[in-house]
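One letter stands for each residue in the lines below.
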Amino acid sequence: MFSNINYEITMVTKLKRILLRKVFTQSGLESNVNTINLNHMHVSYKHKENIFIVNLASDSIHKLEKGNKNHKSDNREQIAVDIDRNLFVKYVLENISHEPLPNPKPKKIVIDFSSPNIAKPFHVGHLRSTIIGDWGTQFGLLQYGLQQKKIAVHDLCNNPIQNLYEVYVHANKLASIDDNVQKQAKKYFSDIEQGRSDLENWRKIREITVQELEKIYHRLGITFDDYHWESDYNGVAIKTLMETLENQNIITTDDLGKKVAEFNNRAITVLKSDNSTLYLSRDIAALLDRYQKYSFDRMLYVVDNAQTDHFAAVFHIVGKLNKECTEGCEHVKFGRIKGMSTRSGNVVFLNNILDEAKQKMFEKQQESKNTRTSAINEETCDILGTTAVILNDLKQRRQKDYVFDWDRALQSEGDSGIKLQYLHCRLWSLENNTGVTIPTFCEPDCLTEEIIGEVVAELARFEEILNQSLKVKEACIIVNYLFRLARHVNRMFNDLKVKNVDKDLGSQRLLVFHSARIVIKTGLEILGVKPLYEM
């Protein structure tokens, strides 16, 4: 999802309260403005009328007397407030850069995402967060392959993850034509599950995997507070929990010896007949463990659409044991990426995608006449390539499957991550190379152009955009807002000069450009993208 999920710009929240006070004062009604839940605000600009119109919507605003522009829509009260242009411009531009106030009642939110497979490279599917599983019969297959090829884990030095993956693919092929291989793999997994076999080899492979995966996480700007492993919830570790579920008749033993639970009028398997764990049993144990460990307010599982039934079952079973634990649980679903392959057409791992994106950006940077020589370096090209891939993904609706297109992802014109990075660099250069100082106060009489009113209206919408995005958990709302703001700012570049004009006029115009840069920078950071300052 988003990094910096608790970010809040307080300017617009304050503005909403000020507008409400104005409305209630004019109407002669008394109300505690601070108790009203404002869940929507829309700003529009009317240049000819010299006003901004702010529409406030709430499900808790009392009906006002006639004379106010007040109507209902979607069961919410809406109030339209006309604000003098100069007052609005001054307020927005003098407050947009202020640091947010600390949240007096922070929530503890645990987010489960990424979940790569042990001993396998990052698949492109992880770009939308996860491929399920790091613990199961597949590890038994890996162990069989290592033994069959006479490979010791400590001998894996160069490209260890790729080598382990190739061993796994080899063992999987053998298992497809020889049932005995599959049986040996299942037995090995059962032995380590029940504590009958040493886990040392597993721990070494896990350590190698983490070291390699952290390189990808670093490129994506991702850090974790904790790593939890499915292997932490093996048969031995969750034995007591399974006994509790059985004692409370939440799970029962079927005719085949499997432990099953009733869900949606059918029996679903929680434990195999040999007491080996499944994805379901491990997630049940993990959820209860996390609730005890973190006392979370919310628990979000960012996992693809295919796991809808799985998480419904997890929440159903855990809810029977601890209803409070599941009240804040939610499965945040997403669709799949199709058509992601290298130019050679091979099925690809995420590292290959990022490497190819970096190489393509290096080529584009060399071809561009506007590229600074100092900006043609590996770090800048890597950030540009990663920006292109990330924002190409996040601009899609979360639950929608989509086809990846290299040309669209790496385009430098139109709505793209590259264009946003270029605009941020251009704004930064404007601030530092015009010889004009950014003022600490706004003189709106200097800012009479229509395009400035349109840009200010967009800046005033930013917090509302963040709130909408967080509410429905859709990053595309922020991405498309940034694209729209960028189009307005680019128009402003064409229409307005900062250099070689009256000093005060240039200074006031620079304040508008600076405010736009702060919002673009903040938006990119929330989306997990590192803003560039030169390219």
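The structure presented is a predicted model; accordingly, all values stated were derived computationally and were not measured. (Residues numbered from 1 in each chain as written. Predicted model: local features only at pLDDT ≥ 70, side-chain atom pairs only at ≥ 80, totals over all residues. Heavy atoms only, no water.)

Remarks on empty space enclosed by the protein
Right, so step 1: One pass over the structure, following the stated rule, counts two cavities of 30 Å³ or more.
Right, so step 2: Space inside the second largest cavity adds up to approximately 40 Å³.
Right, so step 3: Among the secondary structure elements, those contributing two or more residues to the lining of the second largest cavity are α12 (378–394) and α13 (406–409).
Right, so step 4: Ranked by residues supplied to the lining of the second largest cavity, first place goes to α12 with three residues.
Right, so step 5: Here the residues of the lining of the second largest cavity sort into four nonpolar, three polar and three charged. (1 Å grid on protein atoms, 1.4 Å probe; cavity = no way out; pocket = protein on both sides within 12 Å on 5 of 7 lines; lining within 4 Å. Points joined across faces, edges and corners; volume = space filled by probe spheres on them. Helix = DSSP H or I, 4+ residues; strand = E, 2+ residues; numbered from the N terminus. Nonpolar A, V, L, I, M, F, W, Y, C, P; charged D, E, K, R; others polar.)

Thoughts on the pairing of strand β7 (residues 259–263)
Right, so step 1: β7 sits mainly inside the fold: four of its five residues count as buried.
Right, so step 2: Linking strand β6 (residues 252–253) to β7, which pair antiparallel, is a turn of five residues; within it G257 sits at a positive phi near 90°.
Right, so step 3: Linking two consecutive strands that pair antiparallel, namely β7 and strand β8 (residues 266–271), is a turn of two residues; a positive phi of about 50° is found at N264 within it. (Buried < 20%, exposed > 50% of the residue type's maximum accessible area, 1.4 Å probe, protein only. Pairing = 2+ DSSP bridges.)

Some points on the confidence of the model for the protein chain
Right, so step 1: Of all residues in the protein chain, 81% have pLDDT values of 70 or greater, and the mean over the chain is 81.
Right, so step 2: Averaged pLDDT values for the elements of the protein chain fall to 47 in strand β3 (residues 69–73) and rise to 97 in helix α9 (residues 308–321).
Right, so step 3: In this model residues 1–10 is a low-confidence stretch, pLDDT under 50, and it forms 28 contacts with partners more than four residues away in sequence or in other chains. (pLDDT = per-residue confidence, 0-100. Contact = heavy atoms within 4.5 Å.)

Concerning the sheet that holds β8
Right, so step 1: Spatial ordering of the open sheet is given by β6-β7-β8, a layout of three strands whose pairing is antiparallel. The open sheet has two edge strands, β6 and β8, and neither has a second partner.
Right, so step 2: The sheet contact formed by β6 and β7 spans two bridges and is antiparallel. The partner of T252 across the bridge, within β7, is V260.
Right, so step 3: Set on the sheet, α9 makes contact with β7 and β8; between it and β7 the angle comes to about 95°. (Axes fitted to C-alpha atoms, helices over the stretch in contact; angles between N-to-C directions.)

Looking at the packing of aromatic side chains
Right, so step 1: Summed over the entire model, instances satisfying the criterion amount to twelve aromatic pairs.
Right, so step 2: Summarising the aromatic geometry, the rings of Y45 and F52 are spaced 4.7 Å apart at their centres and angled 35° between planes, so their arrangement reads as tilted.
Right, so step 3: Seen from their ring centres, Y301 and F311 are 4.7 Å apart, and the 40° between their planes marks the pair as tilted. Taken together, the residues Y301 in strand β9 (residues 298–304) and F311 in helix α9 connect sequence positions ten residues apart. For the pair Y301 and F311, a shared accessibility class is recorded, and that class is buried.
Right, so step 4: One Lys or Arg, R426, reaches over the ring of F493 and ends 3.8 Å from the middle of that ring. (Phe/Tyr/Trp six-rings, centres within 6.5 Å; stacked < 30°, edge-to-face > 60°. Lys NZ or Arg CZ within 6 Å of the ring centre and 35° of its normal.)

Quick look at the state of the cysteines
Right, so step 1: Applying the stated criterion to the full structure yields zero disulfides.
Right, so step 2: Left unpaired, C442 is separated from the closest cysteine sulfur, that of C446, by 8.3 Å. (Disulfide = S-S within 2.5 Å.)

Brief notes about the nonpolar core
Right, so step 1: By size, the foremost hydrophobic cluster in this structure holds 81 residues, and its most contacted members are F88, L93, L391, L459, V489 and M492.
Right, so step 2: Top contributing element to this core by residue count: helix α17 (residues 475–495), with twelve residues.
Right, so step 3: Those residues in contact with M492 that sit more than four places away from it in its chain are I451, I452, V455, V512 and F513.
Right, so step 4: If you look at the next biggest cluster of nonpolar residues, it comprises 34 residues, including V110, I238, Y294 and C329. (Core = buried A, V, L, I, M, F, W, Y, C linked by side-chain atoms within 4.5 Å.)

A short note on the environment of L280
Right, so step 1: Note that L280 resides in helix α8 (residues 279–294).
Right, so step 2: You can call L280 buried: its relative accessible area is 9%.
Right, so step 3: For the pair L280 and H310, spaced 30 residues apart in sequence, the C-alpha to C-alpha distance is 7.1 Å.
Right, so step 4: Not counting residues up to four positions away in its chain, the partners in contact with L280 are I268, T269, V270, H310, A313, V314 and I317.

Considerations on unusual backbone geometry
Right, so step 1: Unusually for a residue other than glycine, N249 sits at a positive phi of about 60°.
Right, so step 2: Topologically, N249 is positioned in the loop between α7 (239–247) and β6.
Right, so step 3: Positive phi outside glycine occurs at N265, with the angle close to 60°.
Right, so step 4: Within the secondary structure, N265 is located in the loop between β7 and β8.

Concerning the side chain of K395
Right, so step 1: With respect to the element layout, K395 can be found in the loop between α12 and β12 (402–403).
Right, so step 2: Those residues in contact with K395 that sit more than four places away from it in its chain are R408, D415, C476, V479, N480 and F483.

Re the pattern of salt bridges
Right, so step 1: Under the defined criterion, the tally for this structure stands at 22 salt bridges.
Right, so step 2: For K259, the salt bridge identified is with E246, shortest N-O distance 2.9 Å. Here K259 is found in strand β7, whereas its partner E246 is found in helix α7, with 13 residues between them in sequence.
Right, so step 3: Residue E246 is classed as partly exposed on the basis of its relative accessible area of 30%.
Right, so step 4: For K530, the salt bridge is made with E379, and the minimal N-O distance between the two is 3.4 Å. With K530 in the segment after α18 (503–526) and E379 in helix α12, the pair connects residues that are 151 residues apart, well separated along the chain. The same class applies to K530 and to E379, which are both exposed. (Salt bridge = Lys/Arg side-chain N within 4 Å of Asp/Glu carboxyl O.)

Digging into the environment of N433
Right, so step 1: If you trace the backbone, N433 turns up in helix α14 (residues 417–433).
Right, so step 2: Taking C-alpha positions, N433 is 9.3 Å from K499, a pair spaced 66 residues apart along the chain.

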